[in-house]
Structure formats: C-alpha cells, structure tokens
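Coordinate analysis (summary)
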Amino acid sequence: MQDISSLKRNAWMEVNLAAIRHNVRTIKSLMAPTCKLMAIVKADAYGHGAGVCARAMASAGAQQFGVATVQEALELRQSGIAQPIVLLSEPPVETIDLLLENDIMPGVTSSEFVLAYGERAIAHDMVGKYHLALDTGMTRIGIPAEDAVEFRRLVDFHRGIACAGTYTHFATADTIGDWDFRRQVQRFTDAIRALHEAKLYPGIVHCDNTAATMLYPDIQFDMCRVGIALYGIHPAESTVELAELEPAMSIRARITRVANPRIGDGVSYGMTYRVNTPYMQIATIPIGYADGLSRSLSGEMDVLVHGRRARQVGRICMDQCMFAYPLRSMTSSTMAPELAVGDVVTIMGSDEDEYISADEIGQLRHTIAYEVLCNFSARLERIYVS
Ligand SMILES: *Cc1c(COP(=O)(O)O)cnc(C)c1O
C-alpha cells in the first residue's frame, strides 16, 4: 500500500512509473533500433500527469515528445523536459513567439502559419523548425499528401524556417489488413519519395501511432508516435497478444460511510435503486462524475473491496457514489466481514486477484479506454509509485 498520508481527499489516482518505464522499453523492443520513439503526452499524459510521466519516459528511452497544445508543451519545458517537443497540430499564430522562445516545434498545415513563423524567427535571429502534416486520407489535418512538393516549393524560399519532420496520421491502423490503411501508407510513401526526388529534405519521417507501431513493424520510418501503449493499454484487441503491457493508472477511494439500511430503502438521487435483500450494506465513497467517474456508469459498474467485486448502486453524484455489499451471499451461509469507514475501494486497477480495467469501464460507458483515462484527470490528486 502506498503512502497516502499527503492526500487532502479520500479519493485518488495512483500512477505506477515503473509500469510506464516497462511499457516504454517494451514498445522500443518492437521498433528498429534506429527508429526514434516520440512519447505522446497530450491531455496531461492521457490523464497520468505530463511532467512526471515524461521524465520517466525519457529515462526509459523516449527521445521526443508530442503534445496537442502550446500550454501542454510549456508545462513539459517547465518540468525540465529538454528533448524535442512537437505540437501535433497547428496552433494559433498568436503563439508563435512562445514556440520560438521555448523551442517548441509546431505541426504545420498552412503556408500562412509557416511564413508568419518564419518572419518572427528572423526577428528573433533564429530558424524556426517545424513538422509538416500531410493528410493521407483521415481528413482531419494536414495539406493533401500529393501537394507536399508544391507546398515546400512555395515556402522554402524563407530563410527563417526549416522543415524538421514530415508526418501523417492513420485512421484505421488497428484493423489488420485494412485497405484504407494500405492506401494511406501508399500516399505517404509516394509523398516522401516525391520530396526526396525534388531534393526537398523531409526531415524526420513519422506516421505510426501505437496500433501501427505494434501491428506493422515493416512500416516504421524514422520515428513512431506512441501514446496509449506507454500507459499500459492496448489500442485494440488486435495488439493484445503482441506485447505484455502494464496499466499504469489505478483509481482508489476510502469508504467514508457504511449504512445498514432496511429492505425498501432507496439510494441516491431519484432512488433508482432500492435495497432488496437483508444483510446488505451500502457504503459511500467520495468520488463522483466531477472526478471522471461518468454518471452514465450508474448502477452498471463494479468496484473492488477486500478483493471482491461489489456493484455500484444508485445514481453517481458529482462528488460521491455508493455501492452495495451483501454480507451474506445467496449461495453460502457464512457472513462476509463488515465494511468499515476507511477501507480502501478500487474503482480501476487490481485488488488481490480481482481486476477492473479501463477497457471494462470504457465498454460500460460506450466509449474507449483513452477517454476513461483522460476523464480521471479532472480533479483527483495523483500519487506516483516508482
Ligand atoms: C494521439 C496521437 C498519437 C498517439 O496515438 P495512440 O493511439 O495513443 O498511440 C499519435 N499521433 C497523433 C497525431 C496523435 O494525435
């Protein structure tokens, strides 16, 4: 059990940094030794806390970092990250000075932006490095892949800029043998070849997310951009057998109240749950939807207590929720030990032999583990285990 004496709440997130380092090394072992690993730490490292996680990832061999916003990039610099940082999409022009002052490379998708970037770079007596985003079929960001050479010819006259990388992003890398994936790879490969033929150096070439890194080791260019696997979660069923990943995030709370209600008593707003068996304890834990425990899980999810599953019951409130704990099971006459205030409950993670995964919670919420992880960052304090 971790030292939780510093916590100001009876609900918290545990982040296992040893798991994160293990995952970095595991993913690197699937990559060509010359291929760089860009650790994706956007959204506060998928909810795990960007500064601390990025330092752990760097210590295990991550060479670059990818984020979504300028704010996220600045936080990495403030926490001492000296490695290259790339913004995965183009930020507002107003942020250009911040990028230059903090050595943050923008992903570029327009000539207006990159020329404005070059102008400010010259004013700072610098050269602004950037990565060019190509749209190869996802229709999200980037210039059309077939326009890469034309784009570079249009902007390369500017002495204030230098293309340090060229990249694209896949929409269907997690589906084995997918035709759209193959077509994206083809368009990307064609664009990179055309750049080389036109003597326009593409810089570091990268396209793989976790799924592509794991499923297509033959299509790694100079760098892989890996997010979800570093946190110990598989992007899809198709990658599960390819590596042993260790989930890094656990969510726990201490029981703040134990009730011994009568049959027929209701629980929580709307009283959608009523006690229907004798010897049923109802325990309260101080974690709710403001902490990322979506209200849509009400009455659907389990928690773990004393190594056993117990069903969460009644509507999940903003800051608290309740679960039902049968002291006597249908099948046995022995009584379970009573719950006590202060007992630790696991909302996600393991307790003895039982385990609740982000995927399990995601399925109940009709979403993916990615969103489950991000949502838990809302208000919970973090404890780092190394
Ligand atoms: C989020 C993101 C990634 C990482 O994706 P994972 O599936 O978490 O590995 C890579 N590249 C880009 C552009 C992204 O937005």
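To be clear, the structure that these remarks concern was listed above.
Everything in this summary refers to the structure shown in the same document. These numbers come from a predicted model, not from an experiment.

Before going further, it helps to spend a moment on the site of the ligand. With respect to spatial proximity, 13 residues lie near the ligand, and among them Lys42, Tyr46, Thr210, Ile228 and Tyr370 are the closest. Residue Tyr46 places a side-chain N or O atom 2.6 Å away from an oxygen atom belonging to the ligand. Between Tyr370 and the ligand, the recorded distance is 2.6 Å, taken from a side-chain N or O atom to an oxygen atom. Considering the ligand on its own, with 390 Å² of exposed area, one finds that the protein chains cover 92% of that surface. Looking at the shell around the ligand, the elements with two or more residues in it are helix H2 (42-46) and strand E11 (223-226). By residue class, the composition of the shell around the ligand is six nonpolar, four polar and three charged.

Another point: the packing of helix H7 (residues 148-155) against helix H8 (residues 179-197). In the contact formed by H7 and H8, the axes pass within 9 Å of each other and the chain directions differ by 40 degrees. Judged by the angle between their axes, H7 and H8 are oblique. Counting all contacts with H7, which are made through Ala148, Val149 and Arg152, the residues of H8 involved are Ala191, Ala194 and Leu195. Partitioning the contact of H7 with H8 into residue classes produces five nonpolar, no polar and one charged.

Turning to the pattern of salt bridges, a few remarks are in order. By the definition in use, this model includes 14 salt bridges. Here Arg382 makes a salt bridge to Asp44, at a shortest N to O gap of 2.9 Å. Placement of the pair is Arg382 in strand E22 (residues 381-385) and Asp44 in helix H2, with a sequence separation of 338 residues. The salt bridge involving Arg379 is made with Asp319; its shortest N-O contact spans 3.0 Å.

Each value, and the rule that gives it
- Residues numbered from 1 in each chain as written.
- Predicted model: local features only at pLDDT ≥ 70, side-chain atom pairs only at ≥ 80, totals over all residues.
- Heavy atoms only, no water.
- Near = heavy atom within 4 Å.
- Polar contact = N/O pair within 3.5 Å; in protein donor to acceptor, adjacent residues only side chain to side chain.
- Areas by Shrake-Rupley, 256 points an atom, 1.4 Å probe, with all protein chains shown as cover.
- Helix = DSSP H or I, 4+ residues; strand = E, 2+ residues; numbered from the N terminus.
- Nonpolar A, V, L, I, M, F, W, Y, C, P; charged D, E, K, R; others polar.
- Axes fitted to C-alpha atoms, helices over the stretch in contact; angles between N-to-C directions.
- Parallel < 35°, antiparallel > 145°, perpendicular 65-115°, else oblique.
- Contact = heavy atoms within 4.5 Å.
- Salt bridge = Lys/Arg side-chain N within 4 Å of Asp/Glu carboxyl O.

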